[in-house]
Amino acid sequence: MSRPDRGARAMHQALPPALRDAVDDFAEHLSRVRNRSAHTVRAYVTDLVSLLDHAVRMGCVDLAELDLSVLRSWLARQRTTGAARTSLARRAASARAFSAWAHRAGLLPADVGAALASPRAHRELPSVLRADQAAALVEAPARQAPPPNPPAESGPSEAAEAVRLRDRMLLELLYATGVRVSEACGLDVGDVDHGRRVIRVFGKGGRERSVPYGVPAQRALDDWLRHGRPAMVGARSGDALLLGARGGRLNPTTARQIVGAYAETAGLPRTSPHDLRHSAATHLLEGGADLRAVQELLGHSSLASTQIYTHVSVERLRAAYRQAHPRA
């Protein structure tokens, strides 16, 4: 079972054996049958352990005694302890997923979670760079030396050019494709189709998609593969496309710090790889791209996740109006 922290482990061990087994079986179902990521499984398991601990405290000694009133009481308790609406929405989703699974598995006489409502999660509009700011960021490695103090990137001076080429390729790829930083770091050399200018990406749940990239990213990629990667490749490299200073696959944490460092030295707002993803999606929509096409490019399972970028575009338009119109 995926167990994220010591508190969840302690609560899990304190559950009655039948409830412990239900948690473990549900985690196995999420991982092996639903093909959920380890992060998602940990989140669901943490929520479920909290729910069942609450149920036991309310006098439930058998899973069959779990009912809608217990689920609602658990969510109410989360609310009174200050849980955000986004957290409450996720926990309600966890309870509904477990209830549906337990009913199908014969552990619950009814799917008691089907009627569980949850607050609509409040979504902050994502941070988005202007097109000129995004261009300044992705072009920063060509204009300056590698940023100071990137973790584990202080190799010998002869490797500085290879690191610069790697950083340029990373930034170009993140903005050109809108992929998640974990997806970029997970790319292998064989995932790149140079002829069609497309990369094969494995996203959440192992879902595969093809994502196009443009000519500037192709140039950066060619330079990295011809001159940068050969200088950094080592015994631990395998087929990894992006490499760290020690020759292994580039770590997403290091990639985030690289992006942030270049943004800082370029005089831009604090920027993460996910901000580049947000920027790519917003600029595509502002340029006339179809919402469904952007959904496919980003790897969103639901169109609702992509629609937030239409709100970003509207807000940018409103801000320009307020600034420029004399009767705003």
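Just above, that's the structure.
Scope of this entry: the structure provided in the associated data block. In every chain, residue numbers begin from 1 and rise along the written sequence. Given that the model is predicted, a residue must reach a pLDDT of at least 70 before its local features are reported, and side-chain atom pairs must reach 80 or more before they are shown or counted; all residues, however, enter totals for whole chains, interfaces and linings. Derived side-chain values reflect all non-hydrogen atoms in the structure, with water molecules and hydrogen atoms excluded from consideration.

## Description of the packing of aromatic side chains
Turning to step 1, where the next piece is worked out: Classification of ring pairs uses Phe, Tyr and Trp, with its six-membered ring standing for Trp, and accepts pairs whose centres are within 6.5 Å; under 30 degrees between planes counts as stacked, over 60 as edge-to-face, and the remaining range as tilted. Considering all chains together, one arrives at four aromatic pairs under this definition.
Turning to step 2, where the next piece is worked out: Plain terms: the ring middles of Phe-26 and Tyr-44 are 6.4 Å apart, the flat faces sit at 45° to each other, and that makes the pair tilted. You can see Phe-26 sitting in helix α2 (residues 17–33) and its partner Tyr-44 sitting in helix α3 (residues 38–57), a full 18 residues away along the chain.
Turning to step 3, where the next piece is worked out: Taking the centre distance of 5.4 Å and the plane angle of 80° together, the rings of Phe-26 and Phe-98 count as edge-to-face. Residue Phe-26 is found in helix α2, and its partner Phe-98 is found in helix α5 (residues 85–104); the two are separated by 72 residues along the sequence. This pair shows no difference in class: Phe-26 is buried, exactly as Phe-98 is.
Turning to step 4, where the next piece is worked out: Among the aromatic residues, those joined into a cluster by ring pairs are Phe-26, Tyr-44, Phe-98 and Trp-101. Helix and strand assignments follow DSSP, with helices taken as H or I runs no shorter than four residues and strands as E runs no shorter than two, numbered in order from the N terminus. Between buried and exposed lies partly exposed: a residue is buried under 20% and exposed over 50% of the maximum accessible area for its type, with that area taken using a 1.4 Å probe on protein chains only.

## A short note on the packing of helix α6 (residues 131–143) against helix α10 (residues 252–265)
Turning to step 1, where the next piece is worked out: Between α6 and α10, the least distance of the axes is 9 Å, while the angle of their chain directions is 90°. Taken together, α6 and α10 sit at an angle that is classed as roughly perpendicular. For the pair α6 and α10, the contacting residues are Leu-137, Ala-140 and Pro-141 in the first and Val-259, Tyr-262 and Ala-263 in the second.
Turning to step 2, where the next piece is worked out: Of the residues belonging to the contact of α6 with α10, the class tally is six nonpolar, no polar and no charged. Between N-to-C directions, angles span 0 to 180 degrees; the directions come from axes that are lines fitted to C-alpha atoms, helices contributing only their stretch in contact. Relative orientations are named as follows: roughly parallel for angles under 35 degrees, roughly antiparallel for angles over 145 degrees, roughly perpendicular for angles from 65 to 115 degrees, and oblique for any other angle. Here, residues are in contact when the closest pair of their heavy atoms is within 4.5 Å. Each residue gets one label: Ala, Val, Leu, Ile, Met, Phe, Trp, Tyr, Cys and Pro are nonpolar, Asp, Glu, Lys and Arg are charged, and the others, such as Gly, are polar.

## Here's the deal with the nonpolar core
Nonpolar side chains in soluble globular proteins tend to be buried together.
Turning to step 1, where the next piece is worked out: Throughout this description, the term nonpolar core refers to a set of buried Ala, Val, Leu, Ile, Met, Phe, Trp, Tyr and Cys residues connected via side-chain atoms within 4.5 Å. Counting residues in each nonpolar core, the largest one holds 49 residues, and the members touching the most others are Leu-137, Met-169 and Ile-199.
Turning to step 2, where the next piece is worked out: A per-element tally of this core places helix α7 (residues 160–177) first, with eight residues.
Turning to step 3, where the next piece is worked out: With sequence-adjacent residues up to four places away left out, Leu-137 is seen in contact with Leu-129, Leu-171, Val-259, Tyr-262, Ala-263, Leu-268, Thr-271 and Leu-276.
Turning to step 4, where the next piece is worked out: Membership of the second largest hydrophobic core comes to 33 residues, among which are Phe-26, Tyr-44, Cys-60 and Phe-98.

## A closer look at the sheet that holds strand β2 (residues 198–202)
Turning to step 1, where the next piece is worked out: The antiparallel open sheet is built from three strands, whose spatial order is β1-β2-β3. The strands lining the two open edges of the sheet, one partner per strand, are β1 (192–193) and β3 (208–212).
Turning to step 2, where the next piece is worked out: When β2 meets β3, the two strands line up antiparallel, connected through five bridges. Considered in β3, the bridge of Phe-202 is made with Glu-208. At least two DSSP bridges between two strands are needed for those strands to be called paired.

## Some details on unusual backbone geometry
Turning to step 1, where the next piece is worked out: The phi dihedral of Asn-35 is positive, around 60°, even though this residue is not glycine.
Turning to step 2, where the next piece is worked out: Here Asn-35 is to be found in the loop between α2 and α3.
Turning to step 3, where the next piece is worked out: For Asn-35, a relative accessible area of 40% corresponds to the partly exposed category.
Turning to step 4, where the next piece is worked out: Despite not being glycine, Arg-197 has its phi angle at roughly 55°, a positive value.
Turning to step 5, where the next piece is worked out: Residue placement: Arg-197 occurs in the loop between β1 and β2.
Turning to step 6, where the next piece is worked out: Looking at Arg-197, the relative accessible area reads 33%, which means it is partly exposed.

## A few points about α10
Turning to step 1, where the next piece is worked out: The terminal C-alpha atoms of α10, which comprises 14 residues, lie 20 Å apart, in line with the 20 Å expected from a rise of 1.5 Å per residue.
Turning to step 2, where the next piece is worked out: Of all the positions in α10, only Thr-254, Ala-255, Ile-258, Val-259, Ala-261, Tyr-262 and Ala-263 are classed as buried.
Turning to step 3, where the next piece is worked out: Of the surrounding elements, those touching the buried residues of α10 are α6, α7, α8 (181–185) and α11 (273–286).
Turning to step 4, where the next piece is worked out: Its side-chain oxygen placed 2.7 Å from the backbone nitrogen of Thr-253, Asn-251 serves as the N-cap of α10.
Turning to step 5, where the next piece is worked out: Phi for Gly-267, located one or two positions after α10, is positive at around 75°. Here, expected helix span is obtained from the residue count minus one, scaled by 1.5 Å. Any N or O atom pair separated by 3.5 Å or less is treated as a polar contact, with the protein-specific requirement of one donor-capable and one acceptor-capable atom, and with residues adjacent in sequence counted only for side-chain atom pairs.

## Things to note about the pairing of β2
On any regular strand, side chains alternate: one points to one face of the sheet, the next to the other face.
Turning to step 1, where the next piece is worked out: As paired elements, β1 and β2 share two bridges and run antiparallel to each other. Opposite Asp-193, over in β2, you have Val-198 as the bridge partner.
Turning to step 2, where the next piece is worked out: Where β1 folds back on β2, the antiparallel hairpin that results is connected by four residues, among which Arg-197 adopts a positive phi of roughly 55°.
Turning to step 3, where the next piece is worked out: With antiparallel pairing between neighbouring strands as the criterion, β2 and β3 make up a hairpin whose turn holds five residues, including Gly-205 at a positive phi of roughly 70°.

## Looking at the pattern of salt bridges
Turning to step 1, where the next piece is worked out: Any Lys or Arg side-chain nitrogen found within 4 Å of a carboxyl oxygen on Asp or Glu counts as a salt bridge. For the coordinates displayed, the defined rule picks out 13 salt bridges.
Turning to step 2, where the next piece is worked out: The residue Glu-28 makes a salt bridge to Arg-32 at a minimum N-O spacing of 2.3 Å. Of this pair, Glu-28 and Arg-32 both sit in helix α2, separated by four residues, roughly a single helical turn.
Turning to step 3, where the next piece is worked out: When its relative accessible area of 66% is taken as the criterion, Arg-32 is described as exposed.
Turning to step 4, where the next piece is worked out: Note that Glu-161 and Arg-164 form a salt bridge whose closest N and O atoms lie 2.5 Å from each other. Placement of both Glu-161 and Arg-164 in helix α7 is noted, with a separation of three residues, approximately one turn of the helix.

Worth remembering: the numbers are spatial, not functional.
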